[in-house]
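# Residue-level structure breakdown
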Amino acid sequence: METKTNNVLIIPGGIRSHVIPSFFIATRLQETCTIYYLVETEALAGLVKAQGFTPVLLKTSGIGYSADYQYIIRKHKTKSQLVKGLLMAYFYITNRLYKKRKAEIDEIVQELNPRAVFIDIFNIPNYIFFHSWRSSSNICLFSPMLSTYKANGIPAISEGSWNNAQVNDRHFLLSLRKLGISGLLDYWSMLRCCRKAGISRTNRLRLRPFTTYYFDNVPELVLGPAELELAVTVQQPNQYYLGLCITGNRVETKPTGSFGAAYFRQMRISGKKIVYCSFGTFFGSFQHNMAVTRFITNVIEAFAGEEGIELIIASNIKVLTVLEGTLPKFSNVHLFEFVPQLLVLEQLADVFITHGGLGSVKESIEYGVPMLVCPVDLQWDQNGNGLKVATHGLGLQGILREETPESITEKVNQLLAEPQWKESIVRFAKQVKAHYNQAYIEEIFSIATQNRQHPAA
């Protein structure tokens, strides 16, 4: 085995559902490289450390995505709106956050001398700080979602139907209009930072329709299968799909002690069907909690007391507190704050009711579990993922805020009773796994990480 002589930096988005997919990149490189993660919270540092990688806790605030505004609100909570406005103007004029983060990044790079840097597209402003190091470090982007580009005639990643498929969202003015005043200031501030970092026009910052940015001529690893897209036309020349990208041996950092897998295995042996319902980690607003609470209440009403069904529900503590305080207990309804999802999908579940985050969709495909996708947040990719699942025959779409116990029962019973759903998702999984074999993955990593000199250099 080759000696570990190379360091690699991975910079994920600042939420758990973006860090977990990046473990696929880390595990592919860990035999020959030492993996460092640049993260901004102790919780994410703990998750990274549990996998055997080294977290580096960033001390400074980044730029872009209203970072200046968020920094001022966090640091100057007691100040008046006038003072906060003046501070905003000062920050934009002086590029204060850029200078602080640039100094910290330069210190880290000088110490670690990384062979490669992988940056989440939702943390893409960090590319600006690393651009000056591109002659010594390979720089690559990665997406924990499917392609966020828009193709004519194809619904965007956040669209759950074909109704708006003909709208061309690539037009620059349409993209700017979506940003609003604060977004425009944010964008122009980032352009100023690009000039300060020496990024030329041939490698310039651009807007995507899907509330994010990209840079020309930088390779992007898409941590999902191209087969799940609605059309091949969404793929760009610099994008490389990597398949399901499941890290099956990941270490969970949330407690699962109360979950009794043996009980549910016995229920399956006895002939019962197991319905698993989970809505991920990325929602926290009052409106989302209320919507999820109402939906799970309907799921429970649909299957409570049903002799042939065992219902596993995982949700956050706010939702569980309301459910436990308002609903009677049923012997076939089991509530958890966290469950080992990979184990549940691989060994137990017959149907997965999910919000449609790509991580959950990919894991359901990996283990051949048909889905009922009911998106919580229509702004992001959940809606589009639901459309993709339905289009490819991997499950059904639902509307979280409109479903009733009767409609949920009808959809879930359809997935349980009709064998074509299971057959379709198993066939799809086999096709994907055959495509993205080890030789293919190694070839893509070689292409992406050896593009040391961009045309801008």
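Residues numbered from 1 in each chain as written. Predicted model: local features only at pLDDT ≥ 70, side-chain atom pairs only at ≥ 80, totals over all residues. Heavy atoms only, no water.

### Examining the packing of aromatic side chains
All told, the structure shown has 20 aromatic pairs when counted by the stated rule. Grouping aromatic residues by their ring pairs yields a cluster made of Tyr65, Tyr187, Trp188 and Tyr213. (Phe/Tyr/Trp six-rings, centres within 6.5 Å; stacked < 30°, edge-to-face > 60°.)

### A few points about the state of the cysteines
In total, this model carries zero disulfides according to the counting rule given. Of all cysteine sulfurs, the one in Cys194 lies closest to Cys193, which takes part in no disulfide; the gap is 7.2 Å. (Disulfide = S-S within 2.5 Å.)

### Quick notes on the sheet that holds strand β5 (residues 138-143)
Reading across from one edge, β3-β2-β1-β4-β5-β8-β9 is the order of the seven strands in this open sheet, with parallel pairing throughout. The two strands at the open ends of the sheet, each matched to only one other strand, are β3 (54-57) and β9 (239-241). Averaged over neighbouring strand pairs, the angle between their axes works out to 25 degrees when direction is ignored. The sheet strands contacting helix α1 (residues 16-29) are β1 (6-11), β2 (33-39), β4 (116-120), β5 and β8 (220-222), and the helix crosses β2 at an angle near 160 degrees. (Pairing = 2+ DSSP bridges. Helix = DSSP H or I, 4+ residues; strand = E, 2+ residues; numbered from the N terminus. Axes fitted to C-alpha atoms, helices over the stretch in contact; angles between N-to-C directions. Contact = heavy atoms within 4.5 Å.)

### Describing unusual backbone geometry
Phi at Tyr65 takes a positive value of approximately 50 degrees, unusual for a residue other than glycine. By the secondary structure assignment, Tyr65 is in the loop between β3 and α3 (67-75). Exposure remark for Tyr65: the relative accessible area of 25% places this residue in the partly exposed category. The residue Asn217 is not glycine, and still its phi comes out positive at about 65 degrees. Residue Asn217 is classed as partly exposed on the basis of its relative accessible area, which comes to 31%. (Buried < 20%, exposed > 50% of the residue type's maximum accessible area, 1.4 Å probe, protein only.)

### Details of the side chain of Asp120
Counting through the fold element by element, Asp120 comes out in strand β4. Buried charge without a salt bridge: Asp120, with Arg208 as the nearest opposite-charge side chain at an N-O distance of 8.5 Å. Discounting chain neighbours no more than four positions away, the residues touching Asp120 are Ile11, Pro12, Gly13, His18, Phe142 and Pro144. (Lys, Arg positive; Asp, Glu negative; His and termini not counted. Salt bridge = Lys/Arg side-chain N within 4 Å of Asp/Glu carboxyl O.)

### Brief notes about α3
If you check which residues of α3 are buried, you get Ala67, Asp68, Tyr71 and Ile72. Viewed along the axis of α3, the buried residues span an arc of 130 degrees, placing them on a single side of the element. (Arc of directions from axis to C-beta.)

### Quick notes on the pattern of salt bridges
If you walk through the whole model with that rule in mind, you get ten salt bridges. Of the charged contacts, one joins Arg268 and Asp350 as a salt bridge, the two residues approaching to 3.0 Å between their closest N and O atoms. With Arg268 in helix α8 (residues 261-269) and Asp350 in the loop between α11 (341-348) and β13 (351-354), the pair connects residues that are 82 residues apart, well separated along the chain.

### Some words on the nonpolar core
The nonpolar side chains of soluble globular proteins are, as a tendency, buried together. Among the nonpolar cores identified, the biggest contains 118 residues, and Tyr37, Phe118, Ile128, Phe130, Leu221 and Ile365 are the most heavily contacted of them. In terms of residue count, the dominant contributor to this core is α1 (seven residues). Look past the residues within four positions of Tyr37 in its chain and what remains in contact with it is Ile10, Pro12, Val19, Ser22, Phe23, Ala26, Val48, Phe53, Thr54, Pro55 and Val56. Within the second largest apolar cluster, 29 residues are counted, among which are Val275, Val299, Leu311 and Val351. (Core = buried A, V, L, I, M, F, W, Y, C linked by side-chain atoms within 4.5 Å.)

### Overview of the sheet that holds strand β14 (residues 371-373)
Read from one edge to the other, the open sheet built from six strands follows the order β12-β11-β10-β13-β14-β15, with strand pairing classed as parallel. Looking at the sheet topology across the chains shown, the edges are occupied by β12 (333-336) and β15 (395-397). Each adjacent strand pair in this sheet contributes to an overall mean axis angle of 15 degrees, direction not counted. Alignment of strand β11 (residues 309-314) against β12, held across four bridges, turns out to be parallel. If you follow Ala314 over to β12, its bridge partner there is Phe336.

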